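Each chain, written out:
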Amino acid sequence: MIGRNINNELYAVGGRYTEKIKRILDNFKNKTTVRLLQGHDGSDGKQNWTLASDHAPFHIQKLPFIYFGEEDHPDYHKETDDFQNILPEFYKNSVELIIRVFKDIDDSWNKK
């Protein structure tokens, strides 16, 4: 769920539950055109994604996690959700953004 968003928005879920991750997301220097938003975590009235995917067991065990995703599009979970509908520039920028966030997290966690 990181390849198709006409609003050029990508959500990060996890900062609400781990202060260190929230601080990193709040201070992230985004060098892409994708807007990184925090939410969909039960704090904003939107669909709560906290337990919606493979990251749920981490949350249940109170382990830090971060989940990246985009809001649903008209073809979500339908036969029409084909690779041809991916927005290549959005996908490329989303991947770049995610890699940089994890580098920031890795750098922060490994500081002595």
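Higher on the page you've got the structure.
Visitor: Describe the side chain of Asp41, and please don't skip the residues or the numbers.
Guide: The topology assignment puts Asp41 in the loop between strand S2 (35-38) and helix H2 (56-60). Of the side chains with opposite charge, Arg16 comes closest to the buried, unpaired Asp41, at an N-O distance of 4.5 Å. In this view, Asp41 contacts Val13, Arg16, Tyr17, Asn48 and Thr50; residues no more than four positions away in its chain are not counted.

Visitor: So what about the pairing of strand S1 (residues 9-13)? Which residues, and what values?
Guide: If a strand is regular, its side chains alternate between the two faces of the sheet. Among the five residues in S1, five count as buried, and that is most of the element. What you see with S1 is no split at all: Glu9, Tyr11 and Val13 on one side and Leu10 and Ala12 on the other are buried throughout. Sheet topology note: the S1/S2 ladder contains four bridges and is parallel. Pairing of Glu9 across the sheet is with Arg35, part of S2. In this structure, S1 lies alongside strand S3 (residues 67-69), joined through three bridges in antiparallel fashion. From the neighbouring strand, Ala12 faces S3, where its bridge partner is Phe68.

Conventions and cut-offs
- Residues numbered from 1 in each chain as written.
- Predicted model: local features only at pLDDT ≥ 70, side-chain atom pairs only at ≥ 80, totals over all residues.
- Heavy atoms only, no water.
- Helix = DSSP H or I, 4+ residues; strand = E, 2+ residues; numbered from the N terminus.
- Buried < 20%, exposed > 50% of the residue type's maximum accessible area, 1.4 Å probe, protein only.
- Lys, Arg positive; Asp, Glu negative; His and termini not counted.
- Salt bridge = Lys/Arg side-chain N within 4 Å of Asp/Glu carboxyl O.
- Contact = heavy atoms within 4.5 Å.
- Pairing = 2+ DSSP bridges.

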